[in-house]
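Examining the three-dimensional arrangement
Each chain, written out:
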Amino acid sequence: MEVTEVPDVRGAVEEPAHAARVRRRGRTTLLIATAAVLGLVAGTCVGYLIQADREPTRLPSLSQPNVGQAKGAGPEPLSAAQDRKVKTDDDLRKLLLERPKGARDGAFVTDEQGEWMSLAVYAAQYDKPDHAFRDLVGEEFRRAAVTSWQVGQARTVEIRLVQYRQEEDTTTSGRAESQRLWVERKSGTRGLPVPGTGDGMAYVHAEPEQDAGSLPVYSAEAYASRGDLVVEIWVYDTKPIPEETIMNLAERQMRRL
């Protein structure tokens, strides 16, 4: 029976593409590594002999001169009026602007000190409450307080203080900024920085909103942040609102924080 010789195909197998980039360590590499180890040992022995012939270096003393302790009980703790954290952890309604004398109830019926707004009530003020509710939970909404009033025939004012927990996100400036970006899209809007607030902006809308059969409604609004609080202010009237009106409210409210 004739035996057919099977050709040796091991050398014909094509190596993977990455094989050319990964080379095995051959005999030459081993010799170089061995020489390096021997050189390291020899250098260590020479260094040890040189150090053994030297005089020992005197170490500095471990004792240190006594430092006198300052007399007195130390600095006094900040009072509640000076410590912002004490103020903002207290009743937020105390930080809201007081209603002017003779003012009537506005959109939210509140007493002289303001009222609380739950997460659900606050989210309901947006065009898409369900989306707003989820966003506020993610933004670590803590609580909100509101006051509102009406003066004259048609002018109404509404002020909100919105507080966040700041456990993950330690800044509220982004939340105030998102409000400002939305407002600035409206045509006929003039924006003015609120002095002393850093990022505070007040806006006056020159063009009113008007539904069929109703009077035109002019508006102005302001947004600012400080610490864990965001301030939101709205003014509505059937006639144009002066810039000084919204600016005065924003400055006075920020000073209370």
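The preceding data block contains the structure.
For the rest of this paragraph, the subject is the overall build of the protein. The number of helices and strands found in the protein is 6 helices and 8 strands. Going from the N terminus to the C terminus, the protein shows its helices and strands as α-α-β-β-α-α-β-β-α-β-β-β-β-α. Put simply, 55% of the contacts in the protein that link residues at least 6 apart link residues at least 24 apart. Surface summary for the protein: the accessible area is close to 18400 Å², and the carbon and sulfur share equals 55%.

Summed over the entire model, instances satisfying the criterion amount to 9 salt bridges. Arg 160 is paired through a salt bridge with Glu 158; the nearest N and O atoms lie 2.8 Å apart. A residue is classified by how much of its surface remains accessible, and Arg 160, at 7% relative accessible area, is buried. A salt bridge links Arg 190 to Glu 243; the shortest N-O distance between them is 2.5 Å. Taken together, the residues Arg 190 in strand β5 (residues 189–193) and Glu 243 in helix α6 (residues 243–255) connect sequence positions 53 residues apart. Ionic contacts of the salt-bridge type, sharing partners, join the residues Glu 158, Arg 160 and Glu 232 into one network.

Soluble, globular proteins show a tendency: their nonpolar side chains are buried together. Membership of the largest hydrophobic core comes to 29 residues, with the highest contact counts inside it found for Trp 149, Ile 159, Ile 233, Ile 246, Leu 249 and Leu 257. Within the residue set of this core, elements represented by two or more residues are β3 (141–151), β4 (155–164), β6 (201–209), β7 (217–226), β8 (229–237) and α6. The leading source of residues in this core is α6, at 5 residues. Of all hydrophobic cores here, the second largest spans 11 residues; its members include Met 117, Ala 132, Val 146 and Tyr 164.

Moving on to unusual backbone geometry. One can expect most non-glycine residues to show negative phi and most peptide bonds to be in trans. For Glu 140, which is not glycine, the phi dihedral falls at a positive 65°. With respect to the element layout, Glu 140 can be found in the loop between α4 (129–138) and β3.

Right, let's talk about α6 for a bit. The end-to-end C-alpha separation of α6 is 18 Å, in line with the 18 Å expected for 13 residues at 1.5 Å each. Residues Thr 245, Ile 246, Met 247, Leu 249, Ala 250, Gln 253 and Met 254 constitute the buried set of α6. For α6, the elements touching its buried residues are β3, β4, β5, β6, β7 and β8.

Turning our eyes to something else, we now look at the side chain of Glu 221. Topologically, Glu 221 is positioned in strand β7. Under the relative-accessibility criterion, Glu 221 is labelled buried at 4%. At 2.5 Å, the side chain of Glu 221 and the side chain of Tyr 223 are in polar contact. Every residue in contact with Glu 221, bar those within four places of it in the chain, is listed here: Val 183, Lys 186, Met 201, Ala 202, Tyr 203, His 205, Ile 233, Trp 234 and Ile 246.

What counts and what doesn't
- Residues numbered from 1 in each chain as written.
- Predicted model: local features only at pLDDT ≥ 70, side-chain atom pairs only at ≥ 80, totals over all residues.
- Heavy atoms only, no water.
- Helix = DSSP H or I, 4+ residues; strand = E, 2+ residues; numbered from the N terminus.
- Contact = heavy atoms within 4.5 Å.
- Areas by Shrake-Rupley, 256 points an atom, 1.4 Å probe, with all protein chains shown as cover.
- Salt bridge = Lys/Arg side-chain N within 4 Å of Asp/Glu carboxyl O.
- Buried < 20%, exposed > 50% of the residue type's maximum accessible area, 1.4 Å probe, protein only.
- Core = buried A, V, L, I, M, F, W, Y, C linked by side-chain atoms within 4.5 Å.
- Expected span 1.5 Å × (residues − 1).
- Polar contact = N/O pair within 3.5 Å; in protein donor to acceptor, adjacent residues only side chain to side chain.

Such coordinate-based values are descriptive only and should not be taken to indicate function.
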